[in-house]
Amino acid sequence: MDFRQLEAFVMVVDKGSFSRAAEAIFLSQPSVSTYISSLEKELGTPLVNRSTKEVSPTLAGKILYESAKEMLTLKSQMTDKIKGLSGDFSGVINIIASSVPAQYILPRAIAQFNAFYPDIAFNVKQGTTLDVARSIASGQAELGFSGGIVDDIDGSKCTFHQFLCDRMIMIAPSNDDFGDDLEYSLKALLREHRFVGREKGSGTRIEYERYLEELGMDIRGLSSSINFDNTQSIINAVINGLGVSMISHFAAASYIHKKMVIPLRLTTPLPNRKLYYVLKKNFAKSHLADLFIDFLITDYKKILEPHIEIADD
């Protein structure tokens, strides 16, 4: 059993296809098939189901898949550490991030970082906070960013490190129905206006549900609640008069400045929102991930808007 076999196998499972796997790792399809067949012969059991249109792992394949990913990650991290000793700052950082970090923090941060380290590449995927925990726990990404902490099985396999504080605010359409010089009761506002929210699993939703519960309010009782799976869609919905919403001030800042939405003053201010970087528990990160995290924390003033505050870990 060698790493090329494991890499081919993991990619076949991830892509659900021999041809797509071959394309992803720059091999011919027959070469990928040979790697999988030799691995099955060595282990004495089928690893993938070939009878269906979409290739899927067998029970033995599922067991091997999780271990193979960890082995490949360890190999990558070992290589990174050795490169780090020689001052080699090149390679790839695989990141999974929830919407606010993915859309409003990481693009600027990576641009600033690459000015110093142009040979470090990034693969950034966006998902919910639950997706972040699952991807980090399974080794599909090395570094995660989220707007909340997950306590389920996948979350328990991760460590969440607070590094930013962001304010939650209530925004409304910029029209005659609302005024930024008025003060609103949160309960009355949510009772009288349609609420535009995030989908289940979102860090933003986890935060505002927790806060509403502390106030004795039930999210299920909100007036005509409409949910979107990303912050940008929520902002656009509010701009177009669909309702009001609670979102990150960092996400809304430029739209407030352009007077496309109005930040509402509330009799009960909304809480600060914590943002986290996420790592796999008991798993050493690469020197490249270390470098990027240190850059985010120590050079945040160059990266983030003034209203974002750094937090102690």
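Predicted model, so just to flag it, every value in this text is computed and none were measured. (Residues numbered from 1 in each chain as written. Predicted model: local features only at pLDDT ≥ 70, side-chain atom pairs only at ≥ 80, totals over all residues. Heavy atoms only, no water.)

Q: Is there a simple way to explain the packing of helix α5 (residues 99-116) against helix α11 (residues 287-298) in this structure?
A: The axes of two packed helices give the description: the angle between them and the distance between them. Orientation of α5 relative to α11, taken along the N-to-C sense of each, is 110 degrees, at an axis distance of 11 Å. Our classification of the angle between α5 and α11 gives roughly perpendicular. Crossing hand, α5 versus α11: right-handed. In contact with L106, A109, I110, Q112, F113 and F116 of α5, α11 contributes L291, F292, F295 and L296. Tallied by class, the residues present in the contact of α5 with α11 amount to nine nonpolar, one polar and no charged. (Axes fitted to C-alpha atoms, helices over the stretch in contact; angles between N-to-C directions. Helix = DSSP H or I, 4+ residues; strand = E, 2+ residues; numbered from the N terminus. Parallel < 35°, antiparallel > 145°, perpendicular 65-115°, else oblique. Left-handed = near helix turned anticlockwise from the far one by under 90°. Contact = heavy atoms within 4.5 Å. Nonpolar A, V, L, I, M, F, W, Y, C, P; charged D, E, K, R; others polar.)

Q: Where do I start with helix α8 (residues 203-214) in this structure?
A: Residues lying three or four places apart along an α-helix face the same way, a consequence of the helix completing one turn every 3.6 residues. Here α8 spans 17 Å end to end across 12 residues, near enough to the 16 Å set by a 1.5 Å rise per residue. Listed as buried for α8 are G203, T204, R205, E207, Y208, Y211 and L212. At the C-terminal side of α8, G216 shows a positive phi close to 80 degrees. (Expected span 1.5 Å × (residues − 1). Buried < 20%, exposed > 50% of the residue type's maximum accessible area, 1.4 Å probe, protein only.)

Q: Honestly, the pattern of salt bridges in this entry has me stumped. Any pointers?
A: Side chains that differ in sign of charge can pair as their charged atoms come close. What the rule picks out here adds up to seven salt bridges. Here E7 ties to R4 by a salt bridge, and the two come within 2.8 Å at their closest N and O atoms. Remark: R4 and E7 occur in helix α1 (residues 3-15); sequence separation between them is three residues, near one turn of the helix. On the accessibility criterion, E7 (27% relative accessible area) is partly exposed. (Salt bridge = Lys/Arg side-chain N within 4 Å of Asp/Glu carboxyl O.)

Q: Even after reading the chapter, I still don't get helix α6 (residues 129-138), so can you show me in this structure?
A: Where burial is concerned, most of α6 is hidden: seven out of the 10 residues are buried. Every buried residue of α6 is listed here: T129, V132, A133, S135, I136, A137 and S138.

Q: Got a minute to help me understand the confidence of the model for the protein chain in this structure?
A: Low pLDDT marks regions whose predicted coordinates should not be analysed in detail. In the predicted model, the protein chain carries a mean pLDDT of 84, and 90% of its residues have values of at least 70. Confidence drops under pLDDT 50 across residues 305-313; counting only partners more than four residues distant or on other chains, this segment forms 25 contacts. (pLDDT = per-residue confidence, 0-100.)

Q: Help me understand the packing of aromatic side chains in this model?
A: Aromatic ring pairs are reported here in terms of the distance separating the ring centres and the angle at which the planes meet. Scanning the entire structure with this criterion turns up 12 aromatic pairs. Ring geometry for F113 versus F292: centroids 5.1 Å apart, planes at 80 degrees, classification edge-to-face. Placement of the pair is F113 in helix α5 and F292 in helix α11, with a sequence separation of 179 residues. Assessed through its relative accessible area of 0%, F292 is described here as buried. Through a chain of ring-to-ring contacts, the aromatic side chains of F113, F116, Y117, F122, F145, F163, Y277, F292 and F295 assemble into a single cluster. The ring of F283 has K280 sitting right over it, with the charged end atom 5.0 Å from the ring centre. (Phe/Tyr/Trp six-rings, centres within 6.5 Å; stacked < 30°, edge-to-face > 60°. Lys NZ or Arg CZ within 6 Å of the ring centre and 35° of its normal.)

Q: What exactly am I supposed to notice about a nonpolar patch on the surface here?
A: Together, M1, F3, L43 and M71 make up a nonpolar patch on the protein surface, roughly 350 Å² of accessible area in all. Summarising the element assignment, M71 is placed in helix α4 (residues 59-85). Using a relative accessible area of 35% as the deciding quantity, one classes M71 as partly exposed. (Patch = residues over 30% accessible without salt bridge, like charges linked within 9 Å, V, L, I, M, F, W, Y side chains within 5 Å. Areas by Shrake-Rupley, 256 points an atom, 1.4 Å probe, with all protein chains shown as cover.)

Q: Where do I start with the environment of T268 in this structure?
A: Take T268: it is sitting in the loop between β12 (265-266) and β13 (272-280). Assessed through its relative accessible area of 31%, T268 is described here as partly exposed. Spatially, the C-alpha atom of T268 lies 9.7 Å from that of L215, the residues being 53 residues apart in sequence. Once residues within four sequence positions are removed from consideration, T268 is found in contact with Y211 and L215.

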